[in-house]
Amino acid sequence: MPATESLIECSLIDLNSTSLEELRTSEGERLRIAVEKLLRQIDDPENRFGGYRGDVDWRLG
Amino acid sequence: MLLDLHRLSERDFDALAAGVDGPELAERLRASERSQRRVLLRALLDEARNRRDLAGPLFSVDDAWDLLVRAERRSAAAASAVIDYPLVGLWAAFTLRRLRGLRHDDAPLWVDVGYLHCVAVAAAVRAGLSFQARVPVRRGTVVLPTFGHLRLASRDPWEVADFSVTGEGARLAGRFGAVELADGSIRAQRWPRSRRLTSEANGLRLSVALDDVNPYRHFQHPALPAPVLDSEMARWQRLFDDAWLLLSRDHPEQAQVLAALAEVVIPTVRAGRFLPRSASSGDGFGAVLMSEPDDATQLAATLVHELQHAKLGALLHLVDLCREGDQELFYAPWRDDPRPLGALLQGVFAFFGVTRFWRRARAVHPGDAVGHFEFALWRTAVRDVVETLVTRPELTVRGHRFLLGVSTTLDGWLAEPVPRSAARLAAAVALDHRVGWRLRHLTVSPTAAAALADGFSAGRSVPPDALRVSSRLDRPARTAVTGLEVRSTLIRHLLHQRISPGGPRRSDEPGRLVRGTIAADLDWLAGDAAAAAAGFTATLEARPEDLHAWSGLALAYADLGEPAAVRAFASRPELVRAVHRALAPASSAGPATRADTPTLRLSVARWIGAGLAGWTERPKHPDQP
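Rules and cut-offs
Residues numbered from 1 in each chain as written. Chains lettered and ligands numbered in written order. Predicted model: local features only at pLDDT ≥ 70, side-chain atom pairs only at ≥ 80, totals over all residues. Heavy atoms only, no water. Helix = DSSP H or I, 4+ residues; strand = E, 2+ residues; numbered from the N terminus. Rg over C-alpha atoms; globule rule 2.2 N^0.38 Å. Buried < 20%, exposed > 50% of the residue type's maximum accessible area, 1.4 Å probe, protein only. Contact = heavy atoms within 4.5 Å. Areas by Shrake-Rupley, 256 points an atom, 1.4 Å probe, with all protein chains shown as cover. Lys, Arg positive; Asp, Glu negative; His and termini not counted. Charge placed at Lys NZ, Arg CZ, Asp CG, Glu CD. Axes fitted to C-alpha atoms, helices over the stretch in contact; angles between N-to-C directions. Parallel < 35°, antiparallel > 145°, perpendicular 65-115°, else oblique. Nonpolar A, V, L, I, M, F, W, Y, C, P; charged D, E, K, R; others polar. pLDDT = per-residue confidence, 0-100. Pairing = 2+ DSSP bridges.

Caption draft 1: Quick peek at the overall build of chain B. Tallying secondary structure elements over chain B gives 24 helices and 16 strands in all. Computed over its C-alpha atoms, the radius of gyration of chain B comes to 28 Å, within 12% of the 25 Å expected for a compact globule of 625 residues. When its C-alpha atoms are laid out on the principal axes, chain B stretches across 95 × 50 × 50 Å. Within chain B, the proportion of its 625 residues that are buried is 61%. Counted over contacts in chain B with a minimum sequence separation of 6, partners at least 24 positions apart contribute 72%. For chain B, the exposed area adds up to about 24,000 Å²; of that, 51% sits on carbon and sulfur atoms. Charge centroids of chain B, computed over 79 positive and 72 negative side chains, lie 0 Å from each other.

Caption draft 2: Representation of unusual backbone geometry in the model. Residue and element names in this part refer to chain B. The residue Asn202 is not glycine, and still its phi comes out positive at about 50°. As for its position among the elements, Asn202 is in the loop between strand 8 (196-201) and strand 9 (204-210). You can call Asn202 partly exposed: its relative accessible area is 49%. Even without being a glycine, Phe219 presents a positive backbone phi close to 70°. One can find Phe219 in the loop between strand 9 and helix 9 (230-250). What makes Phe219 buried here is its relative accessible area of 11%.

Caption draft 3: The packing of helix 2 (residues 29-43) of chain A against helix 5 (residues 86-99) of chain B, seen in detail. Two elements in contact, helix 2 of chain A and helix 5 of chain B, have axes whose closest approach is 10 Å; the angle formed by their N-to-C orientations is 80°. Judged by the angle between their axes, helix 2 of chain A and helix 5 of chain B are roughly perpendicular. Where helix 2 of chain A approaches helix 5 of chain B, its residues Leu38, Leu39, Gln41 and Ile42 of chain A are matched on the opposing element by Ala93, Leu96 and Arg97 of chain B. For the contact of helix 2 of chain A with helix 5 of chain B, the residue count by class is five nonpolar, one polar and one charged.

Caption draft 4: Seen up close, the side chain of Thr95 of chain B. Topologically, Thr95 of chain B is positioned in helix 5. Those residues in contact with Thr95 of chain B, other than ones at most four positions away along the chain, are Leu44, Asp112 and Val113 of chain B.

Caption draft 5: Here's a closer look at the confidence of the model for chain A. Residues and elements named next belong to chain A. Across chain A, the average pLDDT comes to 79, with 66% of residues at 70 or higher. Per-element confidence in chain A ranges from a low mean pLDDT of 65 for strand 2 (residues 51-53) to a high of 96 for helix 1 (residues 20-25). Below pLDDT 50 for its whole length, residues 56-61 participates in 31 contacts with residues either more than four positions away or in separate chains.

Caption draft 6: Highlighting the pairing of strand 12 (residues 287-291) of chain B. Residue and element names in this part refer to chain B. Among the five residues that make up strand 12, five are buried, leaving the element largely enclosed by the rest of the structure. Neither face of strand 12 is open: one carries Ala287, Leu289 and Ser291, the other Val288 and Met290, and all of them are buried. Of the strand pairs in this sheet, strand 10 (residues 264-268) and strand 12 are connected by five bridges, and their pairing is parallel. The partner of Val264 across the bridge, within strand 12, is Ala287. Pairing of strand 11 (residues 278-280) with strand 12, which is carried by two bridges, proceeds in the antiparallel orientation. Directly across from Ala279, in strand 12, lies its bridge partner Leu289.

Here is the structure:
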């Protein structure tokens, strides 16, 4: 994307260049915040990140 | 090392909202989902390491991670192919929820936590490593993500087996049996039952795994492998080919995005005709769970629908569109159960994509009434829910901007003409669902209804404040209601079979096409509203709580030109029913009044509708009058 383009800074940390070895031991504020946010998503009873259609037995968490 | 944050361009955000996103944006969402997956795995690792008792008879999670690290060093692509496999995300999220006490299952925790060993083994096999590992055996089955499953003789539901790969081949050995695999069968992916659906048409290619064995494929609870039969597989491939031909030819923009996003189809048994079931999860980006489709068009529309959820799920991992609410539940025109706010937003975006699909379908096939009907139905449904959402304080500034993008595109679609017959059926299906939903989920206090009934009996006009009596959503909300889909299914049958609405006659067995259909439905479809009203009323005289007949009455009165009654049914059918219920015992008390009973519902509806004249016809929230 062009360098001058207006960007939205997201709360998700970019781990595309982080090896699995580094991921295991990485510390830092941004990773901590990302994990905390993920745990809030995991705990969310609505699970607003997906959807379902049809029988409620398929209801997502 | 300071790690960067993902960034999303304003242009991408607006393109997604407006429904004009392309494959490049899809690739950027895939990249952000790779980060999301790694955060998920790190969170799981942290949680599991804090509980040293979780390994059970397996080695530790760190041992599994060591093997993953070895695999990645040998081949980053091999490790990524496994880690980023959608069902690995479903497993990790399920297990993390178990560890946090949010899920329960019969299996010991070590079986779920230990699935990390299966993930590592799959990555190591793909990377071409020689190694030894111990994996959990779930009811005699070992499933390696991206490969498939192996069966082992077993006596206990939860066992372990040793997996070893050397230069000569692989061996999986449990307590009561072993499986040998020649080297080639592993690395050439000729794993037992590994299946793919692949199709190429009009220069576009779609290839997905058909995963019918992974224990975490059903999202909520682990499941045993249920491999589709060869004959079923052939039907899936035929439908897949036809669906891809249709998508790539008639919907090339949506097809390109699908090709970039779809990775796995999780099949389940066929559902009722025109009642497909499907699901997706933000934990498993790229996976679509679906019942075996009726036809190629339904398969295509389902892929579009579920991958809209995937895109929005990925966006929500990046940007907050709404804050957590207070557990309020809302009406969604596409659901039979009340939905929380976040799910409502998901529904809007999914059906926004579905509307776009049908808009294109009707442009390509203008002679096919199905496209006109579906387009008319869903564009209005999406608009109605957007109007609800924008009033909610939980919506963030970005959330408002997102819905503005949806609305801007939708406004153009809403201005497009639709053939009158399709528009009539779509409006009727929408009214039928809204009335039926409210009758099933909302109740009015008997005391308030009795007070209104007294006013009606005394011949007084409705005091405006009296109609502000609340309708309460039953709590806990009923998630399983039946009968709401009868008329919409019947209409889809007729449209698909190109039977004119007047086609099926009363002399036919009404329930033959769709269970739950009654003769009055056929009168209504044929345009004989008077006969339909009489039929629905007669049904209610015999079964006063027949909700299908109650909503049918609303449709018949709409055709008979009863604006006040229809206003009452459309806005507060539960109030009409409650007041009628309060009056009905007196009406049936003696022969003189019993004769009035058939018209009593209409009189009550007219009376309430007159009082509602200044009100909106689309209440924004079920708990509001």
